[in-house]
Amino acid sequence: MTQPNKRKESPLMWGLVLLPLLLAGGFYFFDGPETAQAALTSPPTPAQITEGKELFNQNCASCHGEGAVGEDPRSPKGGVKDNGVYLAPALNGTGHMWHHPNSMLFNTVKHGSVARDSPMRGFEGRLTDEEIVSVIQYLKSLWPQEIQLRHSMMPDQ
């Protein structure tokens, strides 16, 4: 009598089968900053605008002004006060926010300004990545249509 042919699967073969499945599962359940930032390439949704406006009013309006007109609406691009402290710029399309790619906008809100002497501190630990996206999407909704279009055509979007 012949014995049935028993194949031994090598650990390497199992690794080649299981590794892609584990990676796919990890990517499916992981929702990191890259995923959140990818949401910035789409037009703002009504839900993002509503949530973003509320979060902006709670966390940002004290510096950037109601409606994101800036600390001094006569100087929408910011500037420097007499005491050397930066003015918070307008974020409603009259300032310079829209000149920056989505990744820089996201990172500035999350981690703070790259300028060490800027009073802009990050909101990491206070706002989730999705909330940061909602705030940025709310601000984008304030921009004139032409600026929204120009921003969407920038590299790194």
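Residues numbered from 1 in each chain as written. Predicted model: local features only at pLDDT ≥ 70, side-chain atom pairs only at ≥ 80, totals over all residues. Heavy atoms only, no water.

**Section: the pattern of salt bridges**
On inspection of all chains with the given rule, the structure shows three salt bridges. A salt bridge links D72 to R74; the shortest N-O distance between them is 3.1 Å. In this structure D72 comes out as buried when scored by relative accessible area, which is 18%. For D129, the salt bridge is made with K110, and the minimal N-O distance between the two is 2.8 Å. With D129 in helix α6 (residues 129–142) and K110 in helix α5 (residues 102–111), the pair connects residues that are 19 residues apart, well separated along the chain. Take K110: its relative accessible area is 11%, and that puts it in the buried class. (Salt bridge = Lys/Arg side-chain N within 4 Å of Asp/Glu carboxyl O. Buried < 20%, exposed > 50% of the residue type's maximum accessible area, 1.4 Å probe, protein only. Helix = DSSP H or I, 4+ residues; strand = E, 2+ residues; numbered from the N terminus.)

**Re the nonpolar core**
In this structure, F56, M97, F106, I136 and L139 are the most contacted members of the largest nonpolar core, which totals 23 residues. Listing elements by their share of this core, those giving two or more residues are α3 (46–59), α5 and α6. (Core = buried A, V, L, I, M, F, W, Y, C linked by side-chain atoms within 4.5 Å.)

**Details of the side chain of N102**
Looking at where N102 falls in the secondary structure, it is placed in helix α5. By relative accessible area, N102 is classed as buried at 4%. Reaching out from N102, the side chain makes a polar contact with the backbone oxygen of L40 at a distance of 3.5 Å. (Polar contact = N/O pair within 3.5 Å; in protein donor to acceptor, adjacent residues only side chain to side chain.)

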